[in-house]
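Residues per chain are reported as follows:
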Amino acid sequence: MYRGVLHGISVIFKNEGLKGLLRGLNCAYIYQMTLNGCRLGFYEPIRTHLNSLFVHRTLTDSKSPAAIATQNLPINIVSGATSGILGAAAGSPFFLVKTRLQSYSPFLPVGTQHHYRNAWDGVRQIYGAEGIKGLYRGIGPAMVRTGFGSSVQLPTYFFAKRRLMQHMGMQEGPALHLLSSTVSGFVVCCVMHPPDTVMSRMYNQTGNLYKGAFDCLYRTVKTEGALAVYKGFFAHLARILPHTILTLSLAEQTNKLMRRFEDRILPQRIKEKI
């Protein structure tokens, strides 16, 4: 039905207009706030606690300058994966509804069609028909997918940032954040796309077409070839690259603003505790 990203955009816009291209946007906002709230919020506490435990051999040193400054690649990867898995578990029902809303088309029905008026109607219908288990259909692949992506997103970002500062003499600022997040976004797409394909197919199935994530992966590769897990890669890259650049760049600026705000209004005794 769609020969590529640009052809897909033109076909959807021609038949459904801008509304068709933005189908599921409200649910996407809820999912992204839940996912990234957990992913960005839990990363640093997990990382500093693991640094304290495994590098400095103490359980009470997580807020020390040494634990915060330590950059240990395996610990960074584990911290990113853990925070991503927590976010995926929290946001999985909304990703399920978002996928089904995006897949629905009254003009060009492709695959299984689910007709929901909005995010909450989707949650209500799924819960009414399948209960809690239905809302968390595909949570396993979702956790794997997001764990894969998060395990490389923040570690790659900070790794690229340090290398650009050391070897290219770049200073802290928007240009450094832009280049670092671009590298991170590309690596995330390469790592996350295969489990993303599996998760999307499991979310969009009717009934129990696949027994689980590995069954879906096996049957996809068996019937369509190994490269089938990278179907839609450039569409995914077109989404994940600006998403990663904006998320990480804005997170940097937000952290700076929050630190300035805290320095101005918080008493010293409170700042020492946080």
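The coordinates are above.
I will try to describe carefully the structure that is included in this document. (Residues numbered from 1 in each chain as written. Predicted model: local features only at pLDDT ≥ 70, side-chain atom pairs only at ≥ 80, totals over all residues. Heavy atoms only, no water.)

Considerations on the packing of helix α2 (residues 25-55) against helix α9 (residues 233-265)
Right, so step 1: Interaxial distance between α2 and α9 falls to 13 Å at its minimum, and their mutual angle equals 55 degrees. Judged on the interaxial angle alone, α9 and α2 are oblique. Judged by the sense of rotation from one axis to the other, the crossing of α2 with α9 is right-handed. On α9, the residues touching Q32, N36, R39 and L40 of α2 are R239, H243, T247, L248 and A251.
Right, so step 2: Classifying every residue of the contact of α2 with α9 by side-chain character gives three nonpolar, four polar and two charged. (Axes fitted to C-alpha atoms, helices over the stretch in contact; angles between N-to-C directions. Helix = DSSP H or I, 4+ residues; strand = E, 2+ residues; numbered from the N terminus. Parallel < 35°, antiparallel > 145°, perpendicular 65-115°, else oblique. Left-handed = near helix turned anticlockwise from the far one by under 90°. Contact = heavy atoms within 4.5 Å. Nonpolar A, V, L, I, M, F, W, Y, C, P; charged D, E, K, R; others polar.)

Considerations on the state of the cysteines
Right, so step 1: Per the counting criterion, the structure on display carries zero disulfides.
Right, so step 2: The closest cysteine sulfur to the non-disulfide-bonded C190 is located on C189, 6.1 Å from its own sulfur.
Right, so step 3: Of the residues examined, C190 reaches a relative accessible area of 27% and is grouped as partly exposed.
Right, so step 4: Counting only cysteine sulfurs, C189 is the nearest neighbor of C216, a cysteine outside any disulfide, at a range of 18 Å. (Disulfide = S-S within 2.5 Å. Buried < 20%, exposed > 50% of the residue type's maximum accessible area, 1.4 Å probe, protein only.)

Topic: helix α5 (residues 119-135)
Right, so step 1: Across its 17 residues, α5 extends only 12 Å between first and last C-alpha, which sits more than 12% below the 24 Å expected from 1.5 Å per residue.
Right, so step 2: For α5, the principal kink sits at A129 and spans about 105 degrees.
Right, so step 3: At its buried positions, α5 is contacted by α2 and α4 (73-103).
Right, so step 4: Capping the start of α5 is the job of one residue whose side-chain oxygen sits 3.2 Å from the backbone nitrogen of W120: N118. (Expected span 1.5 Å × (residues − 1). Bend = angle between axes of the 7 residues up to and from the residue. Polar contact = N/O pair within 3.5 Å; in protein donor to acceptor, adjacent residues only side chain to side chain.)

Focus on a nonpolar patch on the surface
Right, so step 1: Together, L6, I9, F13, L18, L21, L22, L25, Y29 and M33 give the surface a local cluster of nonpolar side chains, amounting to about 940 Å² of exposed area.
Right, so step 2: Taken together, the elements giving at least two residues each to the nonpolar patch come down to α1 (5-21) and α2.
Right, so step 3: Mapped onto the fold, M33 is located in helix α2. (Patch = residues over 30% accessible without salt bridge, like charges linked within 9 Å, V, L, I, M, F, W, Y side chains within 5 Å. Areas by Shrake-Rupley, 256 points an atom, 1.4 Å probe, with all protein chains shown as cover. Salt bridge = Lys/Arg side-chain N within 4 Å of Asp/Glu carboxyl O.)

Observations regarding the environment of A142
Right, so step 1: Summarising the element assignment, A142 is placed in helix α6 (residues 139-167).
Right, so step 2: For the pair A142 and K98, spaced 44 residues apart in the sequence, the C-alpha separation amounts to 13 Å.
Right, so step 3: The residues touching A142, leaving out its near neighbours within four places in the chain, are A88, S92, M199 and Y203.

Comments concerning the packing of aromatic side chains
Each pair of aromatic rings is reported with the distance of its centres and the angle of its planes.
Right, so step 1: Here the structure, examined in full by the defined rule, presents six aromatic pairs.
Right, so step 2: Their ring planes at 75 degrees and their centres at 4.7 Å tell us that Y31 and F95 sit as a pair that is edge-to-face. Within this pair, whereas Y31 is found in helix α2, its partner F95 is found in helix α4, the two being separated by 64 residues in sequence.
Right, so step 3: On the basis of relative accessible area, F95 is assigned to the buried category, the value being 6%.
Right, so step 4: Geometrically, the ring pair formed by F94 and W120 is edge-to-face, given 5.8 Å between the ring centres and 85 degrees between the ring planes. With a gap of 26 residues between them, F94 in helix α4 and W120 in helix α5 connect regions that are remote in the sequence.
Right, so step 5: Looking at W120, the relative accessible area reads 55%, which means it is exposed.
Right, so step 6: Among the aromatic residues, those joined into a cluster by ring pairs are Y43, Y157 and F158.
Right, so step 7: The ring of F95 is capped by K98, whose NZ or CZ atom sits 4.3 Å from the centre of that ring. (Phe/Tyr/Trp six-rings, centres within 6.5 Å; stacked < 30°, edge-to-face > 60°. Lys NZ or Arg CZ within 6 Å of the ring centre and 35° of its normal.)

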